[in-house]
Amino acid sequence: MSTNKGFIYFICMVAAMGGLLFGYDWVVIGGAKPFYEQYFSIADSPLMQGVAMTTALIGCLVGAMVAGAAADRYGRKPLLMLSAVLFTVSAISTGLFNDFTLFNIARFVGGVGIGVASALSPMYIAETSPAEIRGRLVSLNQMTIVLGILAAQIVNMLLARDTTVAESQVWNVEWGWRWMFWAETLPAALFLVMSFFIPESPVYMRMKAATMSQPTEQGQQPTEQGQQPTEQGQQPTEQEQQAIGQGQQAIGQRQQEAGLRELVQSKYWRVLLLGLVIAVFQQWCGTNVIFNYAQEIFVGAGFDVDGMFINIVITGVANVIFTILALYTIEKWGRRTLILLGAGGLGIIYLTLGTCYFFEVKGVLMVALVVAAISVYAMTLGPVTWTLLAEIFPNRVRGIAMATCTFALWVGCCTLTFSFPSMNAALGSSGTFWIYSAICCCAFVFLWNRCPETKGKSLEQLEKELVTNKTNKQTT
């Protein structure tokens, strides 16, 4: 019996709105920064500037840390709804508050929303997607992230009035930065409303049914991964019923909900290490410094302020185009091929970019290299990271494992963000990008030896290959 793919696409798009808000909330503060710093009188205080920029990142760590255990206890859907509420509250209050402390509290709330959404959105999509299109659907989350980033860049550009005109500058300081944050309210509220119309993850329903030894909500039988809800009134075939029974029998071995203590058992070490390396490498590959420190990078390449903003838009457009391309290549080329292409490609580009900085090359070539790095990242590490993290962990520990890896990802993001200014000052742009190149080369070697191909395989099949079979080999 064919699955209702239209409904699957709908619920995955709703879940991916968490990625849209993630991207917008993460980037919007960059455009608001020059104006709220003047409003709060912190333009001459590097410490307070750092506090304002990092409060949301701390919220991300908290959100990612609690998301997994909460998702296993309360379900995926309630956590997605919670993230929508947090995004909405943060968007309104960040622009509303006139006190710097309250401003930072509002940013922290938004950061918690980012942390929850970044862990739950790809996991929910993976658990509700048929195996044959799961990679493409999980990649939608990365697609919406980059659309959110581009949307924030465009909104910031449109709202920031001509800074050479005194009256416009006053408006920017008094109201411009507020509307940059308030613009997030509409998609956040839409995400909240639409989240009422999506079902709970079928994997979570099976887990709860097996744990509590009772039928799932409304007496419905949970569906097996890859056998998603069919059209209303259709009954599962005998083959589907057999798959459901096998899935319930496997999950029925679970006596209590998995926690961090179970995740660190020896049988999960290999897959957990793989997930942590993938998560941290997505940040430490260095590409995100281009978004966070575009001014330093492009000014160092010889561009003035106007040229810098134009180049930021160019990188944003390239980010979107190559993420769209990734939606088609991730199922054809496979996850392993793409992540190796990303690690190797970025290693070569950063080696070249660092060399150009060393010899003080200026102009179009530098823009081309930066755009090439963004393009490679958008087509490979950006979407593939979330897809692999949502696929490689067994059902019983996926929630806590995704939260752990997402927490590690945000730790990587924090350390990358904090270290770049110091590295750039001490080593120069050339030395900084050479270090990123070395990191990419090391990751390439690790992933070549450890990263499996997950394309076209059910989550249960991947569990057997990555955990059960590995454990059996170690014990024999």
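To be clear, the structure that these remarks concern was listed above.
Residues numbered from 1 in each chain as written. Predicted model: local features only at pLDDT ≥ 70, side-chain atom pairs only at ≥ 80, totals over all residues. Heavy atoms only, no water.

Asks: Provide a residue-level description of the packing of aromatic side chains, including the pertinent values.
Replies: Evaluated as defined, the whole model comprises 23 aromatic pairs. On the basis of an interplanar angle of 80 degrees and a centroid distance of 6.0 Å, the ring pair of phenylalanine 103 and phenylalanine 181 is categorised as edge-to-face. Of this pair, phenylalanine 103 sits in helix α4 (residues 100-128) while phenylalanine 181 sits in helix α6 (residues 166-182), and the two are 78 residues apart along the sequence. Across the pair, phenylalanine 181 and phenylalanine 103 agree in class, each one buried. Seen in terms of ring centroids, phenylalanine 358 and tryptophan 434 are 5.7 Å apart; in terms of plane orientation they differ by 40 degrees. Their pairing is tilted. Residue phenylalanine 358 is found in helix α15 (residues 335-358), and its partner tryptophan 434 is found in helix α18 (residues 398-450); the two are separated by 76 residues along the sequence. Over the aromatic face of tryptophan 175 sits the side chain of arginine 178, whose NZ or CZ is 5.6 Å from the ring centroid. (Phe/Tyr/Trp six-rings, centres within 6.5 Å; stacked < 30°, edge-to-face > 60°. Helix = DSSP H or I, 4+ residues; strand = E, 2+ residues; numbered from the N terminus. Buried < 20%, exposed > 50% of the residue type's maximum accessible area, 1.4 Å probe, protein only. Lys NZ or Arg CZ within 6 Å of the ring centre and 35° of its normal.)

Asks: Tell me about the side chain of serine 90, and please be specific about residues and values.
Replies: Relative to the helices and strands, serine 90 resides in helix α3 (residues 76-96). With relative accessibility at 1%, the residue serine 90 sits in the buried group. A polar side-chain atom of serine 90 sits 3.4 Å from the main-chain amide nitrogen of glycine 110. Filtering out sequence-adjacent residues up to four positions away, serine 90 remains in contact with Asp25, Ala106, Arg107, Val109 and Gly110. (Polar contact = N/O pair within 3.5 Å; in protein donor to acceptor, adjacent residues only side chain to side chain. Contact = heavy atoms within 4.5 Å.)

Asks: Quick rundown of the packing of α15 against helix α17 (residues 381-391)? Include the residues and the values.
Replies: Two numbers describe how α15 lies on α17: the axes approach to 9 Å, and their chain directions differ by 140 degrees. The pairing of α15 with α17 is recorded here as oblique in orientation. Relative to α17, the crossing made by α15 is left-handed. Facing α15, whose interface residues are Arg335, Leu338, Ile339, Gly342 and Leu346, α17 presents Leu381, Val384, Thr387, Leu388 and Glu391. (Axes fitted to C-alpha atoms, helices over the stretch in contact; angles between N-to-C directions. Parallel < 35°, antiparallel > 145°, perpendicular 65-115°, else oblique. Left-handed = near helix turned anticlockwise from the far one by under 90°.)

Asks: I'd love a proper account of the nonpolar core, names of residues and values included.
Replies: Ranked by size, the top nonpolar core spans 125 residues in total, and within it Tyr36, Leu120, Ile339, Trp410 and Tyr436 carry the most contacts. A total of 17 residues in this core trace back to one element, the largest contributor, which is helix α1 (residues 5-39). Apart from the residues within four sequence positions on either side, isoleucine 339 is in contact with Ile278, Leu381, Val384, Leu388, Leu447 and Cys451. (Core = buried A, V, L, I, M, F, W, Y, C linked by side-chain atoms within 4.5 Å.)

Asks: Could you give an account of the environment of leucine 192, naming the residues involved and the relevant values?
Replies: For leucine 192, the location among the structural elements is in helix α7 (residues 185-195). Since its relative accessible area comes to 23%, leucine 192 is described here as partly exposed. A C-alpha to C-alpha distance of 5.0 Å links leucine 192 and alanine 84, two positions 108 residues apart in sequence. Apart from the residues within four sequence positions on either side, leucine 192 is in contact with Met81, Ala84 and Val85.

Asks: Tell me about unusual backbone geometry, and please be specific about residues and values.
Replies: Of note, the phi angle at serine 41 is positive, near 60 degrees, even though the residue is not glycine. With respect to the helices and strands, serine 41 occurs in the loop between α1 and α2 (46-74). Backbone geometry at glutamate 360 places phi at a positive 60 degrees, although glycine is not the residue there. Mapped onto the elements, glutamate 360 comes out in the loop between α15 and α16 (364-379).

Asks: Describe the packing of α3 against α4, listing the residues and the values that go with them.
Replies: In the contact formed by α3 and α4, the axes pass within 8 Å of each other and the chain directions differ by 150 degrees. Considered as vectors, α3 and α4 are oriented roughly antiparallel to each other. For the crossing formed where α3 meets α4, the hand is left-handed. Across the contact of α3 with α4, the residue classes break down as 14 nonpolar, seven polar and three charged. (Nonpolar A, V, L, I, M, F, W, Y, C, P; charged D, E, K, R; others polar.)

Asks: Outline α18, listing residues and values.
Replies: Relative to the 78 Å expected for 53 residues at 1.5 Å per residue, α18 spans just 19 Å between its end C-alpha atoms, considerably shorter than the ideal helical length. Within α18, the axis deviates most sharply at glycine 428, by approximately 115 degrees. (Expected span 1.5 Å × (residues − 1). Bend = angle between axes of the 7 residues up to and from the residue.)

Asks: So what's going on with the side chain of threonine 432? Which residues, and what values?
Replies: Assignment of secondary structure puts threonine 432 in helix α18. We classify threonine 432 as buried; its relative accessible area is 0%. Here the side chain of threonine 432 touches glycine 428 through a polar contact of 2.9 Å, landing on its backbone oxygen. Not counting residues within four places of it along the chain, the set of residues in contact with threonine 432 comprises Phe420, Met423, Asn424 and Leu427.

Asks: How would you sum up the environment of valine 138? Please name residues and give values.
Replies: Looking at the element boundaries, valine 138 is found in helix α5 (residues 134-159). For the pair formed by valine 138 and alanine 16, sequence separation is 122 residues and the distance between their alpha carbons is 8.3 Å. Once you skip the residues sitting within four places of it in the chain, valine 138 turns out to touch Pro122, Ile125, Ala126, Trp386 and Thr387.

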